[in-house]
Amino acid sequence: WPRTATRVGGEITIGGVGVTELAREHGTPLYVIDEADFRARARDYRLAFNDADVYYAGKALLTKAVARWVAEEGLKLDVCSGGELAVALAADFPPERIGMHGNNKSEAELARAVEAGVGRIIVDSFDEIDRLERVAAERGRVPEVLVRVTTGVEAHTHEFVATAHDDQKFGLAMSNGAASEAVRRLLASEHVRLVGLHSHIGSQIFDTAGFEVAARRLSTFLTKIHAEHGVFLPELDLGGGLGIAYLAEDDPLEPKTIAESLTSIVAHECAAQNLPMPRIAVEPGRAVAGPAGVTLYEVGTVKDVEGIRTYVSVDGGMSDNIRTALYGAEYTCVLASRHSDAEPMLSRLVGKHCESGDIVVRDLYLPSDLRPGDLVAVAATGAYCHSMASNYNHLPRPAVVAVREGASRTLVRRETEEDLLRLDVG
Ligand code: LLP
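Since the model is a prediction, treat every value here as computed from it, not as a measurement.

Analysis parameters
Residues numbered from 1 in each chain as written. Predicted model: local features only at pLDDT ≥ 70, side-chain atom pairs only at ≥ 80, totals over all residues. Helix = DSSP H or I, 4+ residues; strand = E, 2+ residues; numbered from the N terminus. Rg over C-alpha atoms; globule rule 2.2 N^0.38 Å. Contact = placed C-beta atoms within 7 Å. Core = buried A, V, L, I, M, F, W, Y, C linked by C-beta atoms within 7 Å. Buried ≥ 20, exposed ≤ 12 C-beta atoms within 10 Å, placed from the backbone. Domains from an automatic or database assignment. Pairing = 2+ DSSP bridges. Near = placed C-beta within 6 Å. Nonpolar A, V, L, I, M, F, W, Y, C, P; charged D, E, K, R; others polar. Arc of directions from axis to C-beta.

Asker: Help me understand the overall build of the protein chain, please; the structure alone is not making it clear to me.
Answerer: Looking only at helices and strands, one finds 12 helices and 21 strands in the protein chain. A compact globule built from 426 residues should have a C-alpha radius of gyration of about 22 Å, and the protein chain, at 23 Å, falls within 12% of that. Its C-alpha atoms put the protein chain at 70 × 50 × 40 Å along the principal axes. Restricting to contacts in the protein chain with at least 6 residues of sequence separation, those with at least 24 account for 70%.

Right, dumping it as structure tokens:
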């Protein structure tokens, strides 16, 4: 839950605003972001990684206001598409503090990044090296790049979000020499300047071991590059991936713990080879945005399937939170608009889409006096819910509102049916 979430007279308030008022003013479903909590988490990372660059990964949640919070808290920004870059630039995010990712950046995306003066482009393939050289040469610019290296680490997380084992689409592998070849080509290029290495092992990770192995392998690679080419690459970006608590029993790593362990590994490996300490970067997304967000839904039907469980249908579902259907994600959800002492009943929180996989929370207990019109709140939905939302079944996407010091304001307005129809020009 966001740090400011509390119960007042039975009702949950976030950022000093009650859920009933939020629902009345903005409608439901509603993404509610606790601005103070988001900023505090961003700041915690920046302070923990004192001498390192902290890029907030915009894929978790990005709006113009979010980009401004990130800038104001002194972080950098990771974008991974032309669209995310457009939001950052529209928010006047300083381009030199942006890192541009993506395993298939188009020529237009690269051109936009180069023209905008994006600080780092993270190169992911040989085709991209060619494309970027062409784009940069045509514009007479020399962009600074990192090469994304696949370290072979098997992160202990869901298959769809593990990214450092060899059999997946990202990066250039250390194991088969592709990463070394990319380094050779980038060092020889006059159109780009290679300044470092990048690795991202996966997402929703609770244990330092995978990060440590990746840090060690990247450091070794750095020293090998120095030995072979006589070039010291001054930056090591270790990506994002820190897990958050979706359930009470989840035990996330503290930013300080991971900062200390990564810094000491890299320092040790480089000192052993008489190399200076490279500048470290990390890219937390979920860990900054996730806990700061809550989704509010209104209960529409409460259906007791005799002897099995109660199905509680809300006014959104897999279009505003695909994570349960896609990854088997688990969430904490409570009755938010009032207090209830009624017996807990085994429930499943489901949406209004036309398939039975449309589950928001698979197993949970809700009070047995739950009724239509009640508001329920699902915690830790700040990351990868709005950013992965769809219009399945032509549901308009919910609004995103920020709450702070007793006031709420709309960051992204709710879509309307007209918005959807406007695009249908056939
Ligand atoms: N850096 C890179 C290069 C990434 O690919 C990602 C996430 C991050 C940083 C941020 O990772 P985080 O700190 O948020 O774990 N949709 C999935 C997560 C996909 C993550 C993709 N890349 C989910 O909802 O769990």
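Once you've had a look at it, read on.
Asker: It is not clear to me how the nonpolar core should be interpreted in this structure. Could you clarify?
Answerer: Most often, soluble globular proteins keep nonpolar side chains buried together rather than apart. The biggest cluster of nonpolar side chains holds 123 residues, and the ones touching the most others in it are Val 32, Leu 77, Val 147, Leu 296, Val 376 and Ala 377. A total of 7 residues in this core trace back to one element, the largest contributor, which is helix 8 (residues 208-229). Structurally, this core is a two-domain feature, drawing no fewer than three residues from each of domain 1 (6-32 + 292-422) and domain 2 (49-286). The contacts of Leu 77, once residues within four sequence positions are left out, are Tyr 55, Tyr 56, Gly 58, Ala 67, Val 70, Ala 88, Phe 93, Arg 97 and Ile 98.

Asker: Could you clarify how one ought to interpret the pairing of strand 14 (residues 293-305) in this entry?
Answerer: When a strand is regular, its side chains alternate between the sheet's two faces. Two strands pair when backbone bridges link them, and strand 4 (residues 30-34) and strand 14 are joined in this way by 4 bridges, in the antiparallel orientation. What sits directly across from Tyr 31, in strand 14, is Thr 295. Between strand 14 and strand 15 (residues 309-314), which pair antiparallel in sequence order, lie 3 residues; one of them, Gly 307, sits at a positive phi of approximately 80°.

Asker: Mind showing me how you'd approach the site of the ligand here?
Answerer: Neighbouring the ligand are 22 residues, the closest being Ser 203, Gly 240, Gly 285, Arg 286 and Tyr 384. When its residues are assigned to classes, the shell around the ligand shows 9 nonpolar, 8 polar and 5 charged. When residues of the shell around the ligand are assigned to domains, at least three fall in each of domain 1 (6-32 + 292-422) and domain 2 (49-286).

Asker: In this structure, what is going on with helix 5 (residues 107-116)? I would like to understand it.
Answerer: Along an α-helix, residues three or four apart share an orientation, since each turn contains 3.6 residues. All of the buried residues in helix 5 are Glu 109, Leu 110, Ala 113 and Val 114. Considered in projection along helix 5, the buried side chains sweep an arc of 130° and stay on one side of the axis. For helix 5, the exposed residues set more than 90 degrees away from the buried face come down to Ala 108 and Glu 115. Just downstream of helix 5, Gly 117 is the residue with a positive phi angle, here 80°.

Asker: I'm lost on the domain arrangement of the protein chain in this one. Help?
Answerer: How large an interface is tends to be reported as the accessible area lost when its parts come together. When cut into domains, the protein chain gives domain 1 (6-32 + 292-422) and domain 2 (49-286). Taken together, the 16 residues of domain 1 in the interface contact 15 residues of domain 2. Every element with two or more residues in the side of domain 1 that touches domain 2 is listed here: strand 20 (399-404) and strand 21 (407-412). Its residues assigned to classes, the side of domain 1 that touches domain 2 shows 10 nonpolar, 5 polar and 1 charged.

Asker: Can you help me understand helix 3 (residues 64-72) in this one?
Answerer: Of the residues making up helix 3, those classed as buried are Val 66, Ala 67, Trp 69 and Val 70. Summarising the axial view, the buried residues of helix 3 lie within an arc of 160°, below the 170-degree limit, and thus occupy one face. Looking at the buried residues of helix 3, the elements they touch are helix 2 (35-48), strand 5 (53-57), strand 6 (76-79) and helix 4 (82-90). Trailing helix 3 by a residue or two, Gly 74 shows a phi angle of about 85°, which is positive.

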